[in-house]
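Observations on the three-dimensional arrangement
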Amino acid sequence: MTYFESRIPVNINDFNEIEKKIDICNDLGIKNIILEPKNGIEIIPSDFRKKMQNSSKVNIFFRINLRINKLENFRAKIKKYGNFTGILSIESLNKEVQLQSAKDSRVDIISFSDPEIIKTITPGVISLTKQNNSFIEFSLAPIMVRNKAAQSKNFRNLFKFIQLARKLKANFIISGNFTDIFNFRHPRALLSICNSLLGIPMNLAKKAYISNPKILVEKTRNQNVGLIEPGVKLV
(Lines give C-alpha, C1' and ligand atoms only; values in the text may rest on other atoms or scores of the structure.)
Protein backbone atom coordinates (compact mmCIF):
# COMPACT_ATOMS: atom_id res chain seq x y z
CA MET A 1 0.00 0.00 0.00
CA THR A 2 1.04 3.61 -0.58
CA TYR A 3 -0.17 6.92 0.80
CA PHE A 4 -3.46 7.27 2.65
CA GLU A 5 -5.92 10.08 3.03
CA SER A 6 -7.12 9.00 6.45
CA ARG A 7 -10.21 11.15 6.82
CA ILE A 8 -12.54 12.26 4.07
CA PRO A 9 -15.90 13.50 5.41
CA VAL A 10 -18.73 12.57 3.04
CA ASN A 11 -22.48 12.81 2.79
CA ILE A 12 -23.43 9.19 2.09
CA ASN A 13 -26.56 10.34 0.25
CA ASP A 14 -24.55 12.43 -2.24
CA PHE A 15 -22.79 9.90 -4.45
CA ASN A 16 -21.69 12.61 -6.93
CA GLU A 17 -19.81 14.46 -4.19
CA ILE A 18 -18.10 11.26 -3.09
CA GLU A 19 -17.14 10.38 -6.66
CA LYS A 20 -15.54 13.82 -7.14
CA LYS A 21 -13.43 13.37 -4.01
CA ILE A 22 -12.39 9.86 -5.02
CA ASP A 23 -11.49 11.02 -8.54
CA ILE A 24 -9.36 13.86 -7.15
CA CYS A 25 -7.53 11.47 -4.82
CA ASN A 26 -6.95 9.06 -7.69
CA ASP A 27 -5.60 11.85 -9.93
CA LEU A 28 -3.25 12.93 -7.11
CA GLY A 29 -1.92 9.40 -6.71
CA ILE A 30 -3.68 8.70 -3.41
CA LYS A 31 -4.78 5.09 -3.76
CA ASN A 32 -6.04 4.45 -0.22
CA ILE A 33 -8.78 6.58 1.32
CA ILE A 34 -10.82 6.34 4.50
CA LEU A 35 -14.34 7.72 4.23
CA GLU A 36 -16.16 9.15 7.23
CA PRO A 37 -19.94 9.73 7.03
CA LYS A 38 -21.03 13.21 8.09
CA ASN A 39 -24.24 14.29 9.82
CA GLY A 40 -23.80 12.27 13.00
CA ILE A 41 -24.12 8.85 11.35
CA GLU A 42 -22.92 6.24 13.82
CA ILE A 43 -23.29 3.04 11.79
CA ILE A 44 -22.19 2.64 8.16
CA PRO A 45 -24.97 1.05 6.06
CA SER A 46 -23.79 -2.20 4.50
CA ASP A 47 -25.26 -1.28 1.08
CA PHE A 48 -23.26 1.96 1.05
CA ARG A 49 -20.11 0.09 2.03
CA LYS A 50 -20.56 -2.47 -0.77
CA LYS A 51 -21.45 0.17 -3.36
CA MET A 52 -18.32 2.18 -2.63
CA GLN A 53 -15.95 -0.77 -2.56
CA ASN A 54 -17.36 -2.31 -5.75
CA SER A 55 -17.33 0.87 -7.84
CA SER A 56 -14.20 2.65 -6.68
CA LYS A 57 -10.93 3.21 -8.54
CA VAL A 58 -9.01 3.28 -5.24
CA ASN A 59 -8.94 1.24 -2.05
CA ILE A 60 -11.85 2.33 0.17
CA PHE A 61 -11.97 1.95 3.94
CA PHE A 62 -14.39 3.37 6.49
CA ARG A 63 -14.39 5.10 9.83
CA ILE A 64 -16.96 6.43 12.24
CA ASN A 65 -16.22 9.49 14.32
CA LEU A 66 -18.10 10.08 17.56
CA ARG A 67 -17.98 13.55 19.05
CA ILE A 68 -18.80 13.04 22.72
CA ASN A 69 -18.30 15.43 25.62
CA LYS A 70 -19.86 13.51 28.50
CA LEU A 71 -18.38 10.38 30.02
CA GLU A 72 -21.78 8.76 30.54
CA ASN A 73 -22.59 9.29 26.85
CA PHE A 74 -19.33 7.64 25.85
CA ARG A 75 -20.07 4.61 28.03
CA ALA A 76 -23.55 4.29 26.54
CA LYS A 77 -22.50 4.66 22.90
CA ILE A 78 -19.35 2.52 22.95
CA LYS A 79 -21.47 -0.56 23.65
CA LYS A 80 -22.60 -0.53 20.01
CA TYR A 81 -19.08 -1.13 18.73
CA GLY A 82 -18.13 -4.52 20.12
CA ASN A 83 -18.16 -6.09 16.63
CA PHE A 84 -17.60 -2.93 14.60
CA THR A 85 -15.76 -3.65 11.35
CA GLY A 86 -14.49 -0.17 10.61
CA ILE A 87 -12.21 2.35 12.26
CA LEU A 88 -13.64 4.11 15.29
CA SER A 89 -12.43 7.54 16.34
CA ILE A 90 -13.44 9.73 19.26
CA GLU A 91 -13.32 13.52 19.47
CA SER A 92 -13.92 15.20 22.80
CA LEU A 93 -13.19 18.39 24.70
CA ASN A 94 -13.59 16.37 27.90
CA LYS A 95 -10.27 14.98 29.14
CA GLU A 96 -12.03 12.21 31.06
CA VAL A 97 -13.66 11.03 27.82
CA GLN A 98 -10.28 11.17 26.08
CA LEU A 99 -8.65 9.07 28.80
CA GLN A 100 -11.46 6.52 28.85
CA SER A 101 -11.35 6.30 25.06
CA ALA A 102 -7.61 5.74 25.13
CA LYS A 103 -8.13 2.82 27.53
CA ASP A 104 -10.88 1.19 25.45
CA SER A 105 -9.73 -1.39 22.90
CA ARG A 106 -12.74 -0.63 20.69
CA VAL A 107 -11.40 2.87 19.99
CA ASP A 108 -8.77 3.12 17.26
CA ILE A 109 -8.16 6.87 17.15
CA ILE A 110 -8.33 9.76 19.59
CA SER A 111 -8.75 12.68 17.21
CA PHE A 112 -7.28 16.12 17.83
CA SER A 113 -8.19 17.43 14.38
CA ASP A 114 -10.39 20.19 15.79
CA PRO A 115 -8.47 23.42 16.55
CA GLU A 116 -10.13 23.70 19.97
CA ILE A 117 -9.76 20.05 20.92
CA ILE A 118 -6.06 19.95 20.04
CA LYS A 119 -5.34 22.29 22.95
CA THR A 120 -6.61 19.65 25.41
CA ILE A 121 -4.12 16.93 24.48
CA THR A 122 -2.20 15.53 27.48
CA PRO A 123 0.78 13.20 28.01
CA GLY A 124 -1.59 10.79 29.79
CA VAL A 125 -3.71 10.24 26.68
CA ILE A 126 -0.62 9.79 24.54
CA SER A 127 0.79 7.23 26.98
CA LEU A 128 -2.45 5.24 27.04
CA THR A 129 -2.75 5.15 23.25
CA LYS A 130 0.80 3.81 23.05
CA GLN A 131 -0.03 1.10 25.58
CA ASN A 132 -3.18 0.07 23.71
CA ASN A 133 -1.79 0.33 20.15
CA SER A 134 -4.23 3.04 19.15
CA PHE A 135 -3.47 6.38 17.53
CA ILE A 136 -3.53 10.13 18.01
CA GLU A 137 -4.84 12.04 14.99
CA PHE A 138 -3.81 15.47 13.78
CA SER A 139 -5.30 17.25 10.78
CA LEU A 140 -4.05 19.81 8.28
CA ALA A 141 -7.54 21.28 7.70
CA PRO A 142 -7.19 23.99 10.41
CA ILE A 143 -4.19 25.53 8.62
CA MET A 144 -6.11 25.72 5.33
CA VAL A 145 -8.66 28.24 6.61
CA ARG A 146 -8.84 31.61 4.83
CA ASN A 147 -8.91 33.78 7.93
CA LYS A 148 -5.23 34.63 8.39
CA ALA A 149 -5.45 35.27 12.14
CA ALA A 150 -7.17 31.91 12.70
CA GLN A 151 -4.74 30.20 10.34
CA SER A 152 -1.74 31.56 12.24
CA LYS A 153 -3.18 30.52 15.60
CA ASN A 154 -4.07 27.07 14.32
CA PHE A 155 -0.61 26.62 12.83
CA ARG A 156 1.11 27.52 16.11
CA ASN A 157 -1.03 25.04 18.04
CA LEU A 158 -0.57 22.29 15.48
CA PHE A 159 3.20 22.77 15.52
CA LYS A 160 3.30 22.86 19.33
CA PHE A 161 1.31 19.72 19.91
CA ILE A 162 2.87 17.71 17.11
CA GLN A 163 6.23 18.45 18.73
CA LEU A 164 4.82 17.25 22.07
CA ALA A 165 3.62 14.06 20.37
CA ARG A 166 7.05 13.56 18.83
CA LYS A 167 8.78 14.10 22.17
CA LEU A 168 6.56 11.48 23.81
CA LYS A 169 6.97 9.10 20.85
CA ALA A 170 3.23 9.01 20.19
CA ASN A 171 1.65 6.79 17.58
CA PHE A 172 0.02 9.34 15.30
CA ILE A 173 -1.57 9.78 11.90
CA ILE A 174 -2.07 12.98 9.94
CA SER A 175 -5.28 13.39 7.98
CA GLY A 176 -6.53 16.09 5.67
CA ASN A 177 -10.10 16.11 6.96
CA PHE A 178 -10.79 18.46 4.04
CA THR A 179 -14.37 19.36 3.17
CA ASP A 180 -13.34 21.57 0.23
CA ILE A 181 -12.06 19.53 -2.73
CA PHE A 182 -9.65 22.35 -3.63
CA ASN A 183 -7.69 21.70 -0.43
CA PHE A 184 -6.63 18.22 -1.50
CA ARG A 185 -2.91 17.97 -2.24
CA HIS A 186 -0.45 15.51 -3.74
CA PRO A 187 1.13 13.29 -1.03
CA ARG A 188 4.58 14.72 -1.74
CA ALA A 189 3.25 18.24 -1.08
CA LEU A 190 1.71 17.08 2.21
CA LEU A 191 4.98 15.45 3.27
CA SER A 192 6.80 18.67 2.42
CA ILE A 193 4.38 20.71 4.57
CA CYS A 194 4.87 18.31 7.48
CA ASN A 195 8.63 18.32 7.12
CA SER A 196 9.40 21.95 6.38
CA LEU A 197 6.61 23.77 8.23
CA LEU A 198 5.68 21.41 11.08
CA GLY A 199 9.15 20.10 11.85
CA ILE A 200 8.34 16.42 11.37
CA PRO A 201 11.29 14.32 10.14
CA MET A 202 10.52 12.78 6.77
CA ASN A 203 10.59 9.20 8.10
CA LEU A 204 7.95 10.07 10.73
CA ALA A 205 5.84 11.98 8.20
CA LYS A 206 5.80 8.94 5.91
CA LYS A 207 4.87 6.77 8.87
CA ALA A 208 1.89 9.07 9.60
CA TYR A 209 0.71 8.84 5.98
CA ILE A 210 1.59 5.25 5.09
CA SER A 211 2.44 2.66 7.75
CA ASN A 212 0.23 3.85 10.63
CA PRO A 213 -2.97 4.07 8.51
CA LYS A 214 -2.03 0.68 7.08
CA ILE A 215 -1.97 -0.73 10.63
CA LEU A 216 -5.46 0.70 11.19
CA VAL A 217 -6.98 -0.88 8.09
CA GLU A 218 -5.24 -4.21 8.71
CA LYS A 219 -6.82 -4.25 12.15
CA THR A 220 -10.17 -3.74 10.42
CA ARG A 221 -9.47 -6.64 8.07
CA ASN A 222 -8.65 -8.89 11.01
CA GLN A 223 -11.96 -7.92 12.59
CA ASN A 224 -13.71 -8.95 9.38
CA VAL A 225 -12.35 -12.51 9.51
CA GLY A 226 -15.25 -14.89 10.15
CA LEU A 227 -17.92 -12.27 9.52
CA ILE A 228 -20.96 -13.18 7.45
CA GLU A 229 -21.79 -9.47 7.22
CA PRO A 230 -21.00 -6.48 9.45
CA GLY A 231 -22.20 -7.30 12.96
CA VAL A 232 -22.74 -11.03 12.28
CA LYS A 233 -19.82 -13.29 13.10
CA LEU A 234 -19.20 -17.02 13.01
CA VAL A 235 -18.03 -18.47 16.35
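For the structure, see preceding data.
For the structure given in this document, a descriptive report is provided here. Source: prediction; values computed, not measured.

Description of unusual backbone geometry
In this model, Lys 169 sits at a positive phi of 55°, which is unusual for a non-glycine residue. A relative accessible area of 63% means that Lys 169 is categorised as exposed. Unlike most non-glycine residues, Asn 177 shows phi in positive territory, near 55°. Residue position: Asn 177 is located in the loop between strand S7 (172-175) and helix H7 (187-197). Under the relative-accessibility criterion, Asn 177 is labelled buried at 18%.

Some thoughts on the packing of helix H4 (residues 95-103) against helix H5 (residues 123-131)
Two numbers describe how H4 lies on H5: the axes approach to 8 Å, and their chain directions differ by 15°. One way to sum up the angle between H4 and H5 is to call them roughly parallel. Between H4 and H5 lies a crossing of left-handed hand. Of the residues in H5, those touching H4 at Gln 98, Leu 99, Ala 102 and Lys 103 are Gly 124, Val 125, Leu 128 and Thr 129. Here the contact of H4 with H5 is built from residues that sort into four nonpolar, three polar and one charged.

Describing the nonpolar core
Core analysis: the biggest nonpolar cluster contains 61 residues, and Ile 33, Leu 35, Ile 136, Phe 138 and Leu 140 have the highest contact counts within it. Once you skip the residues sitting within four places of it in the chain, Ile 136 turns out to touch Ile 110, Phe 112, Ile 121, Val 125, Ile 126, Thr 129, Asn 171, Phe 172 and Ile 173. Formed by nine residues, the second largest nonpolar core is a distinct cluster that contains Phe 4, Ile 109, Ile 173 and Val 217.

Cut-off values and rules
Every chain is numbered on its own, with residues counted from 1 as its sequence reads. Only residues with pLDDT of at least 70 are given local features in this predicted model, and only at 80 or more are side-chain atom pairs given and counted; all residues enter the totals for whole chains, interfaces and linings. Only hydrogens and water are set aside; all other atoms, that is, all heavy atoms of the structure, feed into the side-chain values. To sort residues, take the accessible area from a 1.4 Å probe on protein chains only and compare it with the maximum for the residue type: under 20% means buried, over 50% means exposed, and anything in between is partly exposed. Runs of E in the DSSP output that reach at least two residues are strands. Runs of H or I that reach at least four are helices, and both are numbered from the N terminus. Interaxial angle, 0 to 180 degrees, is taken between N-to-C directions of lines fitted to C-alpha atoms, where a helix line uses only the stretch in contact. Working definition: roughly parallel below 35 degrees, roughly antiparallel above 145 degrees, roughly perpendicular at 65 to 115 degrees, and oblique for all remaining angles. Helix crossings fall into two classes, left-handed where the near helix is turned counterclockwise from the far one by less than a right angle and right-handed where it is turned clockwise. A contact between two residues is defined here by any heavy atoms of the two lying within 4.5 Å. Any residue that is not Ala, Val, Leu, Ile, Met, Phe, Trp, Tyr, Cys, Pro, Asp, Glu, Lys or Arg is counted as polar, Gly included; the first ten are nonpolar and the last four charged. Throughout, nonpolar core names a set of buried Ala, Val, Leu, Ile, Met, Phe, Trp, Tyr and Cys residues whose side chains join them through atoms within 4.5 Å.

The values are spatial; any link to function lies outside them.
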